Amino acid sequence: MPGAPPEGTPAGTTQQDPGGYRARFEAALNAMVDGLIIIDQWGRIEVFNPAAERIFGYRAAEVIGRNVKMLMPEPWQGEHDRYLRNYLRTGVPRIIGIGREAQGLRKDGTVFPLDIAIGEARGERMQFVGIVRDISWRKNAEAAIRAREAELRLIIDNAPAGIFMADGLCRIRTVNPEFCRLCGRAQGVLLGMHFADLVAAEDRGIVDEMRQAAQRASQPDTQDVRIRRPDGGLTPCSLHCSYTVQDGQPLFVAQVLDRSSELMMEQQVREQRDRLAHVGRLSTMGEMASGIAHEITQPLTAIATYAQAARRMLARGAQGAQDFEEALEQIARQAERAGDIIQRLRGFMRREEIRSELVDINEQLRAVIRFADVDLRHHYTRVELALAPDLPPVQADAVQLQQVALNFIRNAVDAMAEVPPGERVIAIRSARGPGAAIEFSVTDRGPGVSPGDVERLFAPFFTTKAHGIGLGLSISGSIVAAFGGRTWYSEHEGGGAEFHVSLPVAQPVEHE
Ligand SMILES: Nc1ncnc2c1ncn2[C@@H]1O[C@H](COP(=O)(O)OP(=O)(O)O)[C@@H](O)[C@H]1O
Ligand SMILES: [Mg+2]
């Protein structure tokens, strides 16, 4: 109960309003952000403040004295009188003193969501006070958030990458269908699992490191890991992990990309290159066939000659067992020589797995020259070697590197067909390149490549030869690229073509 009015006459005090309570009440009513409605026990509106006017679109004068149910849509409108009667009879409140979300009806007929709190005043007569707040904006905002959430969910659920979120200990909290597919496990199984338990045992360390690195740097990081499926199989994946703190809790957001098909493709490309390299070797053999045939014919002819001589000796009733033995000795030696040549050929043609090994380039260049020797002599071609000493090794496949050098040499021989025999020279050089690289080059004294053809040199099936296949350079280029190197052509000063290869120096293996 308010006490006695303060001394003096406060502003707003009138004859009918001693103490100015009414004036102050009205000022408060006008200032309220929420709508305030007072009704009597029959539901008739007695007070309707400006905020209520704004909310419902009625002027106070339009509603005072009318039943409050006019501010409600059906079914509440039809039932309000009964509610009120019930309450007055039983005293059991349904909304009074509780407050809840309800709906209002504006003058223009629109229905809107509102929060309503109702209290009752038991004075000389019964009154009810309702405080009303339009919550359309909140409802709209909630609906917008829900729509946005649904949208995000749609994106995440249909993402081609596996996505999961995990807490600070890397325990999985959210997953998308692609992640379930990658893992071969249902969502219900995955939730709560530690991500580290889903990867191959050897890859757990990577996951731990990533987790720590992400936490330290909050920089997203990508690593290759293998996910272990329940069937025991491994799915090769790349894992991209970022870290954030949400509501004070650490949160890992990770994307996992299935790399199986990509790796399968790489494998196919490797196999194809392998096959091509093999085809390339066979075709080089074809190009060298006449020289090789010539080389093998020599020991065979010698064998035939010695065999005839031996037969004659026998026919004569040989006296000199020593001559006879000498002939047999020669036969054996020549047969060995022919066998050697064939052996070298077979070793080169054999299709072997590509190996990645430490290769001494100089050693391979010398081996190729030994091998090509037959062919070179057949074409009256001299080789000048300028190999830099003490070159560090490169990481490559020795036989394939020989193939590259041999392709260059074969092309050089072809290019010098019109050069007088005495001037046919091939210069082969090796050297350290810029950066950590080793280079070698093959230079001839032929006509070089016409400027219009330079761009197409390394394209498959580019050839200017009547019986060329146009694969030699293309295969060479892809072999070198496979080991991280580069191939190019330059015009030699004073005429001739110069083909170059650059390969990275092998990284020393670190021992722990
Ligand atoms: N040393 C060279 N001098 C001039 N042209 C060359 C040389 N090496 C290659 N070329 C050109 O590049 C083309 C492609 O060479 P390559 O791929 O080995 O296929 P092919 O020898 O079967 O023609 C050759 O046809 C030729 O026109
Ligand atoms: Mg060629």
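Structure first, text after, so check above.
Predicted, not measured: the structure shown is a model, and the values here were computed from it.

A. Up close: the overall build of the protein chain. Along its length, the protein chain carries 14 helices and 17 strands. The C-alpha radius of gyration computed for the protein chain amounts to 47 Å, which surpasses the reference 24 Å derived for 512 residues by more than 25%, pointing to a less compact arrangement than a globule. Along the three orthogonal principal directions, the C-alpha set of the protein chain runs to about 165 × 55 × 45 Å. The long-range share in the protein chain, meaning contacts at least 24 apart out of those at least 6 apart in sequence, stands at 54%. Total accessible area on the protein chain stands at roughly 29,800 Å², and carbon and sulfur atoms take up 54% of it. Treating the 59 positive side-chain charges of the protein chain as one cloud and the 67 negative ones as another, the clouds have centres 6 Å apart.

B. Expanded view of the packing of helix α12 (residues 361–378) against helix α13 (residues 398–415). Following both chains from N to C, one finds α12 and α13 inclined at 40°, their axes separated by 9 Å at the closest point. With respect to each other, α12 and α13 are oriented oblique. As for how α12 packs across α13, the hand of that crossing is right-handed. Along the contact surface, α12 presents Gln-364, Leu-365, Ala-367, Val-368, Phe-371, Ala-372, Asp-375 and Leu-376, while α13 presents Ala-398, Gln-402, Ala-405, Leu-406, Ile-409, Arg-410 and Val-413. Split into classes, the residues belonging to the contact of α12 with α13 amount to eleven nonpolar, two polar and two charged.

C. Region of the structure containing unusual backbone geometry. Residue Pro-75 is bonded to the preceding Glu-74 through a cis peptide linkage, with omega at 0°. Inspection of the secondary structure puts Pro-75 in the loop between α3 (60–63) and α4 (76–90). Its identity is not glycine, yet Cys-170 carries a phi of approximately 70°, on the positive side. Residue position: Cys-170 is located in the loop between β6 (162–166) and β7 (172–175).

D. Molecular detail of the site of ligand 1. Taken together, 18 residues lie near ligand 1, and Asp-444, Thr-463, Thr-464, Lys-465 and Leu-473 sit nearest. At 2.9 Å from an oxygen atom of ligand 1 is found a main-chain nitrogen or oxygen belonging to Ile-469. Taken by itself ligand 1 offers 530 Å² of open surface, and the protein chains cover 94% of this. Those elements giving two or more residues to the shell around ligand 1 turn out to be α13, α14 (472–482) and β17 (497–504). Counted by class, the shell around ligand 1 contains nine nonpolar, seven polar and two charged residues.

E. Seen up close, the pattern of salt bridges. Under the definition given, this model contains 31 salt bridges. With its nearest N and O atoms 3.6 Å apart, the salt bridge here joins Arg-138 to Glu-142. Remark: Glu-142 and Arg-138 occur in helix α5 (residues 136–158); sequence separation between them is four residues, near one turn of the helix. Residue class for Glu-142 comes out partly exposed when judged on its relative accessible area of 30%. Two residues, Glu-151 and Arg-148, come together in a salt bridge whose shortest N-O distance is 3.3 Å. Here Glu-151 pairs with Arg-148, and both are found in helix α5, just three residues apart, close to one helical turn. Here the salt bridges do not stand alone but share partners, grouping Glu-101, Asp-115, Arg-138, Lys-139 and Glu-142 into one network.

F. Summary view of the sheet that holds strand β10 (residues 249–258). Pairing is antiparallel across the open sheet formed by five strands, whose spatial order is β7-β6-β10-β9-β8. The open sheet has two edge strands with one neighbour each: β7 and β8 (221–228). Strand after strand, the sheet turns through a mean of 30° between neighbouring axes, direction not considered.

Procedures and definitions
- All residue numbers refer to position in the chain's written sequence, counted from 1.
- Following the order in which they are written, the chains are lettered starting with A and the ligands numbered starting with 1.
- Local features are withheld for residues below a pLDDT of 70 in this predicted model, meaning they are given only at 70 or higher, and side-chain atom pairs are given and counted only at 80 or more; totals for whole chains, interfaces and linings count all residues.
- Only heavy atoms go into the side-chain values, all of them from the structure, while hydrogens and water stay out.
- In this description a helix means any DSSP run of H or I spanning at least four residues, a strand means any run of E spanning at least two, and both kinds are numbered starting from the N terminus.
- Computation of the radius of gyration draws on C-alpha atoms alone. For the globule rule, the value is 2.2 Å times the number of residues to the power 0.38.
- The contact criterion used is simple: two residues touch if any of their non-hydrogen atoms lie within 4.5 Å.
- Method for areas: the Shrake-Rupley scheme with a 1.4 Å probe, in which residue coverage is limited to the protein chains shown.
- By the counting scheme adopted, Arg and Lys are positive, Glu and Asp are negative, and His together with the chain ends is not counted.
- Just so you know, the charge point we use is NZ for Lys, CZ for Arg, CG for Asp and CD for Glu.
- Lines fitted to the C-alpha atoms define the axes, with helices restricted to the stretch that makes contact. Angles between their N-to-C directions range from 0 to 180 degrees.
- Comment on the angle field: the value is read as roughly parallel under 35 degrees, roughly antiparallel over 145, roughly perpendicular from 65 to 115, and oblique elsewhere.
- Crossing handedness is defined as follows: a turn of the near helix away from the far one that is anticlockwise and smaller than a right angle gives a left-handed crossing, while the clockwise case is right-handed.
- Classification convention: Asp, Glu, Lys, Arg as charged; Ala, Val, Leu, Ile, Met, Phe, Trp, Tyr, Cys, Pro as nonpolar; all other residues, Gly among them, as polar.
- For this purpose, a residue is taken to be near a molecule or strand whenever a single non-hydrogen atom of the residue falls within 4 Å of it.
- Two N or O atoms form a polar contact when they lie within 3.5 Å of each other; inside protein one atom must be a possible hydrogen donor and the other a possible acceptor, and for residues adjacent in sequence the pair counts only when both atoms belong to side chains.
- Salt bridges are counted wherever a side-chain nitrogen of Lys or Arg sits within 4 Å of a carboxyl oxygen of Asp or Glu.
- Buried, partly exposed and exposed residues are distinguished by accessible area as a fraction of the type maximum, computed with a 1.4 Å probe on protein chains only: under 20%, between the cut-offs, and over 50%, respectively.
- Being paired, for any two strands, means DSSP has found at least two bridges between them.

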